[in-house]
Amino acid sequence: MAQDRNLQILGLAKKAGMLAIGCESSSAAARSGKTKLIISASDASERAYRNARISADAGFAICVVVPYTKFELGNITGRGSPATVAFLDKGLAVRFLQGLAQEQPEPFAKIWEFLERSANEIEQYADLAHPGNPIPSGNRRTMQ
């Protein structure tokens, strides 16, 4: 049952456009700082996993091997059989890891707690920097 919920979260992220699917897309997202979690299929090659780890390290992201095969990830994402997938939304990544932690506490609980804590700290700092105001977009109109 928990696996189904985790796969549903993955599917929801895909529908929302919040996944980078495949090794190249995941690596690019990590290196540009757009992701905090890269998941690697349980049957991914050592080379694919190593590349995901290198990209994650370069982009200050977390890389974990999940109990899903490339086939299962492909069924959810609709893209062949990707060895790696990256979450572009931190909230969905936290929910995904929370489900894995409930199912298999030993390998995933500490990772989930870390990612959840870092997500909360980022929100707190954003609130302190811009109390009551949305974070500025960077687009300004100049007065003439």
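Presented here is an overview of the structure given in this document. Predicted model only: the values in this text are computed from it and were never measured. (Residues numbered from 1 in each chain as written. Predicted model: local features only at pLDDT ≥ 70, side-chain atom pairs only at ≥ 80, totals over all residues. Heavy atoms only, no water.)

Here the focus is the overall build of the protein. The helix and strand inventory of the protein stands at 6 helices and 4 strands. Order of helices (α) and strands (β) in the protein, N terminus to C terminus: α-β-α-β-α-β-α-β-α-α. The proportion of buried residues among the 144 residues of the protein is 39%. (Helix = DSSP H or I, 4+ residues; strand = E, 2+ residues; numbered from the N terminus. Buried < 20%, exposed > 50% of the residue type's maximum accessible area, 1.4 Å probe, protein only.)

Glancing now at the sheet that holds strand E3 (residues 62–65). Spatially, 4 strands are ordered E1-E4-E2-E3 in an open sheet, and the strand pairing comes out mixed. Looking at which strands have only one partner, the edges of the open sheet turn out to be strand E1 (19–21) and E3. Each strand of the sheet is rotated relative to its neighbour by a mean of 20°, with strand direction disregarded. Direction of pairing for E1 relative to strand E4 (residues 84–87): antiparallel, over a ladder of 3 bridges. Counterpart to Ile-21 in the pairing with E4 is Val-85. (Pairing = 2+ DSSP bridges. Axes fitted to C-alpha atoms, helices over the stretch in contact; angles between N-to-C directions.)

As a further point, take the state of the cysteines. Evaluation of the coordinates by the stated rule reveals 0 disulfides. Cysteine Cys-23 is unpaired, with the sulfur of Cys-63 as its nearest cysteine sulfur at 9.9 Å. Since its relative accessible area comes to 10%, Cys-63 is described here as buried. (Disulfide = S-S within 2.5 Å.)

What follows is about the pairing of E4. In E4, alternate side chains face the same way, and those of Thr-84 and Ala-86 on one face and Val-85 and Phe-87 on the other are all buried. Where strand E2 (residues 37–40) meets E4, 4 bridges bridge the pair, whose relative direction is antiparallel. The partner of Ile-39 across the bridge, within E4, is Val-85.

Attention shifts here to the packing of helix H2 (residues 23–31) against helix H3 (residues 46–58). Angle between the axes and distance between the axes: these two values describe a pair of packed helices. The contact between H2 and H3 brings their axes to 7 Å, and the two run at 15°. Taken together, H2 and H3 sit at an angle that is classed as roughly parallel. Considering the relative orientation of H2 and H3, their crossing is left-handed. Across from Cys-23, Ser-27, Ala-30 and Arg-31 in H2, the residues of H3 making contact are Ala-48, Asn-51, Ile-54, Ser-55, Ala-56 and Ala-58. Residues belonging to the contact of H2 with H3 are distributed by class as follows: 6 nonpolar, 3 polar and 1 charged. (Parallel < 35°, antiparallel > 145°, perpendicular 65-115°, else oblique. Left-handed = near helix turned anticlockwise from the far one by under 90°. Contact = heavy atoms within 4.5 Å. Nonpolar A, V, L, I, M, F, W, Y, C, P; charged D, E, K, R; others polar.)

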